[in-house]
Amino acid sequence: QVQLVESGGGSVQAGGSLRLSCAVSGYTYSDYCMGWFRQAPGKEREGVAAIYTRDGNTFYADSVKGRFTISRDNAKSTLYLQMYSLKPEDTAMYYCAASARSACYRIPLNHYAMDYWGKGTLVTISS
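Quick look at the structure, then. Note that this is a predicted model, so its numbers are computed, not measured.

**As for unusual backbone geometry**
Working step 1: With a phi angle near 50°, Ser77 is a residue other than glycine that sits in the positive phi range.
Working step 2: Its place among the elements puts Ser77 in the loop between strand E7 (68-73) and strand E8 (78-83).
Working step 3: By relative accessible area, which is 29% here, Ser77 ends up partly exposed.

**Overview of the state of the cysteines**
Working step 1: Summed over the entire model, instances satisfying the criterion amount to two disulfides.
Working step 2: With its sulfur 2.1 Å from that of its partner, Cys22 forms a disulfide with Cys96. Taking the torsion about the S-S bond as the criterion, the Cys22 to Cys96 disulfide, at about -80°, is left-handed. Residue Cys22 is located in strand E3 (residues 18-25), and its partner Cys96 is located in strand E9 (residues 92-99); the two are separated by 74 residues in the primary sequence.
Working step 3: What makes Cys96 buried here is its relative accessible area of 0%.
Working step 4: Counting only the cysteines that take part in disulfides, in the order they occur along the chain, gives the pairing 1-3, 2-4.

**With respect to the pairing of E8**
Working step 1: With six of six residues buried, E8 is to be regarded as a mostly interior element.
Working step 2: Residues of E8 alternate between two faces, with Thr78, Tyr80 and Gln82 on one and Leu79, Leu81 and Met83 on the opposite face, all of them buried.
Working step 3: In this structure, E3 lies alongside E8, joined through six bridges in antiparallel fashion. The residue bridging Ala23 from the neighbouring strand is Thr78, located in E8.
Working step 4: Between the end of E7 and the start of E8, which pair antiparallel, lie four residues, with Ser77 showing a positive phi angle near 50°.

**Focus: the side chain of Glu6**
Working step 1: Within the element layout of this structure, Glu6 appears in strand E1 (residues 3-7).
Working step 2: For Glu6, which is buried and forms no salt bridge, the nearest opposite charge comes from Arg45, at a distance of 7.7 Å.
Working step 3: Within the local environment of Glu6, its side chain forms a polar contact with the backbone nitrogen of Cys96, the two atoms lying 2.7 Å apart.
Working step 4: A polar side-chain atom of Glu6 sits 2.9 Å from the main-chain amide nitrogen of Gly120.
Working step 5: Excluding residues that lie within four positions of it along the chain, Glu6 makes contacts with Ser21, Cys22, Trp36, Tyr94, Tyr95, Cys96, Gly118, Lys119, Gly120 and Thr121.

**Comments concerning the sheet that holds E3**
Working step 1: Spatial ordering of the open sheet is given by E1-E3-E8-E7, a layout of four strands whose pairing is antiparallel. Of all the strands in the sheet, the pair left with one neighbour each is E1 and E7. When the angles between neighbouring strand axes are averaged without regard to direction, this sheet yields 20°.
Working step 2: Bridge count for E7 against E8 is six bridges, and the pairing is antiparallel. Note that in E8 the partner of Arg72 across the bridge is Leu79.

**As for the packing of aromatic side chains**
Working step 1: Enumeration over the complete set of coordinates arrives at three aromatic pairs.
Working step 2: Seen in terms of ring centroids, Phe37 and Trp117 are 5.0 Å apart; in terms of plane orientation they differ by 65°. Their pairing is edge-to-face. Here Phe37 is found in strand E4 (residues 33-39), whereas its partner Trp117 is found in strand E10 (residues 116-117), with 80 residues between them in sequence.
Working step 3: According to the relative accessible area criterion, Phe37 is buried, its value standing at 0%.
Working step 4: Exposure remark for Trp117: the relative accessible area of 29% places this residue in the partly exposed category.
Working step 5: Ring centres of Phe59 and Tyr105 lie 5.5 Å apart, and the angle between their planes is 85°; this geometry places the pair in the edge-to-face category. With a gap of 46 residues between them, Phe59 in strand E6 (residues 57-60) and Tyr105 in the loop between E9 and E10 connect regions that are remote in the sequence.
Working step 6: Since its relative accessible area comes to 34%, Tyr105 is described here as partly exposed.

The rules behind each value
Residues numbered from 1 in each chain as written. Predicted model: local features only at pLDDT ≥ 70, side-chain atom pairs only at ≥ 80, totals over all residues. Heavy atoms only, no water. Helix = DSSP H or I, 4+ residues; strand = E, 2+ residues; numbered from the N terminus. Buried < 20%, exposed > 50% of the residue type's maximum accessible area, 1.4 Å probe, protein only. Disulfide = S-S within 2.5 Å. Pairing = 2+ DSSP bridges. Lys, Arg positive; Asp, Glu negative; His and termini not counted. Salt bridge = Lys/Arg side-chain N within 4 Å of Asp/Glu carboxyl O. Polar contact = N/O pair within 3.5 Å; in protein donor to acceptor, adjacent residues only side chain to side chain. Contact = heavy atoms within 4.5 Å. Axes fitted to C-alpha atoms, helices over the stretch in contact; angles between N-to-C directions. Phe/Tyr/Trp six-rings, centres within 6.5 Å; stacked < 30°, edge-to-face > 60°.

Now the structure itself:
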């Protein structure tokens, strides 16, 4: 069974940086998609960044383009989300997710495309 464990969340001031990590087990990077989603209180869960593992193609929400970078290290079985120029609007619980379906390539930032989820790591950005 796929297991995802996030880490790296914390509290930083606006303009700061954080790198989130997702330790992966039971998942083959050569298959389909992995991504990061976030959810703030009272809001819907939204896709932040995703990667199609078969070719490395990446996808980003418009709100984070140019600031966030998704990457993976197969040797360490870890997915990363490097976040720069953080804004208060980025405050949320961040979740690592993975998909076992090829259809995820069509909707990589849609939570419906994901099958497995971590428990989340909290990111709080103060102004």
